[in-house]
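# Overview (structure and organization)
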Amino acid sequence: MLRKHLSRNGFLRSCPTTVKRRSLCRCLTSECSRKPRKAQAALPVPTISYDQLATQRDLWEDVDEFMEEVCQTGILSVSGVPGFPALRKELLLAMNDFGDLPEETVRSKYANERSKYAVGWSIGVETFDDRLDVSKGSFFANPFNDNPRCGKTYYPEYHTPNVWPEEVPELEKKFKEMGNMMLEVSLMLAGRIDGYMEAEVPENSGAVSEILRSSQCHKARGLVYFPGDFLNWCGHHNDLCMLTGLVPGLFVEDGEVVANPDTTSGLYIGEPDGFSYRAALDETSMVFQIGETLQALSKGKFKATPHWVAAPVTNPKGIRRTSFAVFFQPDVDFRISDARDEAGWESGMSFGEFARKKLNLCIRS
């Protein structure tokens, strides 16, 4: 099992301190300048099937052991989700079509500085090693509500209405379809997480399902990773949400799907200056990662997933990568009364305050 690999290399034992040690920025990501250590081989992530989740029968041979593995590695995949492979391709090709549009005359008109670029298109607004990150562009939207009401306290990052590109009408449709598909699966997972929380953190049992079901603050991010002389396509970070639903990346050249030009590129888990590994992802499976809000809510029982995306060492054909993530998170007024300073959460702090603190660290003003 993956847990044996990680325990042998000391990653699991180091999780509590490494999470606290890392400086974090960005409301959804944070980045650092350390050069990653490329893993010798990809390692599998814990995987369960959609049918097992849906029936709740024979979910895992040993639920406690599996949940402990997910707690420490922070990542799992769900195989066999009906309709996911086809929707993945349709969505990520639509995202690539948007990336094809000219920046100066089209893409830039969907940028929204007032929302701190948490709505619409952005590129070159996050800092990376004290420089602007231009390796990727992002398109943010709430996939469940075009005009969200995320709580009484106004935060433009989350209350600003969606904007959708008229040049690529398919993007809105597929964006929302994937969001709803991921919400269905995330609620199944939340039930298992709540079951584990009931024994470990009984005062917060049931909270994960309730937050995922009721929040209007969820946010999704379509990504276009551009070709260029980049070490990383996405810097080392944790997500600050409760759970992240992730669509494995699609490599595209001239509008056609192609193979990864460098098998050492892709999603890495761990610490760049410590043990890390490349996650072996099945592109037909939906992936989930743990965020910092769940780490705080669980009082450290679950650990946020430290990760980054390594760019190809060589990419002579100029191949792009597109991806998609849904950040499932509370409304802005949600508070954790006893956060124990996990992942930067202070006791009594609201989610809006927590997100704003991270955002202000590295978004260009």
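Structural data are supplied above this passage.
Read on for an overview of the structure. Counting restarts for each chain, with residues numbered from 1 along the sequence as it is written. Since the coordinates come from a predicted model, pLDDT governs what is reported: local features require at least 70, and pairs of side-chain atoms require 80 or more to be given and counted, while whole-chain, interface and lining totals use all residues. Just so you know, side-chain values use all the structure's heavy atoms and leave hydrogens and water out.

## What to know about the overall build of the protein chain
Defined as follows: For helices the rule is a DSSP run of H or I covering at least 4 residues; for strands it is a run of E covering at least 2, with both sets numbered from the N terminus onward. The contact rule is simple, with two residues in contact once any of their heavy atoms fall within 4.5 Å. Accessible surface area values rest on a Shrake-Rupley calculation with a 1.4 Å probe, where residue burial reflects the displayed protein chains alone.
Secondary structure assignment for the protein chain yields 10 helices and 16 strands. Of the contacts formed within the protein chain by residues at least 6 apart in sequence, a portion of 79% connects residues at least 24 apart. Carbon together with sulfur atoms contributes 48% to the accessible area of the protein chain, which is approximately 14,400 Å² in total.

## Description of the pairing of strand β3 (residues 75–79)
Our working rule: Under the scheme applied here, a residue whose accessible area is under 20% of the maximum for its type counts as buried, over 50% as exposed, and between as partly exposed, the area being computed with a 1.4 Å probe on protein chains only. Following DSSP output, two strands are said to pair if at least two bridges run between them.
With respect to burial, β3 is a largely interior element, 4 of its 5 residues being buried. Bridge analysis of strand β2 (residues 47–49) against β3 gives 3 bridges, and the strand direction is parallel. Looking across to β3, one finds that Ile48 is bridged to Val78. Bridge analysis of β3 against strand β14 (residues 286–290) gives 4 bridges, and the strand direction is antiparallel. Within β14, the residue paired with Ser77 across the bridge is Val287.

## A word on helix α8 (residues 207–214)
Ala207, Val208, Ser209, Ile211 and Leu212 are the residues of α8 that are buried. Taken together, the buried residues of α8 touch α7 (169–200), β10 (243–253), α9 (292–297) and β16 (320–328).

## What about the packing of aromatic side chains?
Stated formally: The rule is short: rings of Phe, Tyr and Trp, with Trp giving its six-membered ring, pair when the centres are within 6.5 Å, and they are stacked under 30 degrees, edge-to-face over 60, tilted in between.
Inspection of the entire model under this criterion finds 15 aromatic pairs. Where Tyr196 meets Phe302, the ring centres are 5.6 Å apart and the plane angle is 70°; that geometry is what we call edge-to-face. Highlighted residues: Tyr196 in helix α7 and Phe302 in the loop between α9 and β15 (307–310), separated in sequence by 106 residues. Phe302 gets classed as buried once you look at its relative accessible area, which sits at 0%. Judged by centre distance (5.4 Å) and plane angle (15°), the ring pair of Tyr268 and Trp308 falls under stacked. With Tyr268 in strand β12 (residues 266–270) and Trp308 in strand β15, this residue pair connects regions lying 40 residues apart in the sequence. Of the two residues, Tyr268 and Trp308, neither departs from the other in class, the shared state being buried. A connected cluster of aromatic rings, assembled from ring pairs, spans Phe98, Tyr110, Trp121, Phe139, Trp164, Phe175 and Phe324.

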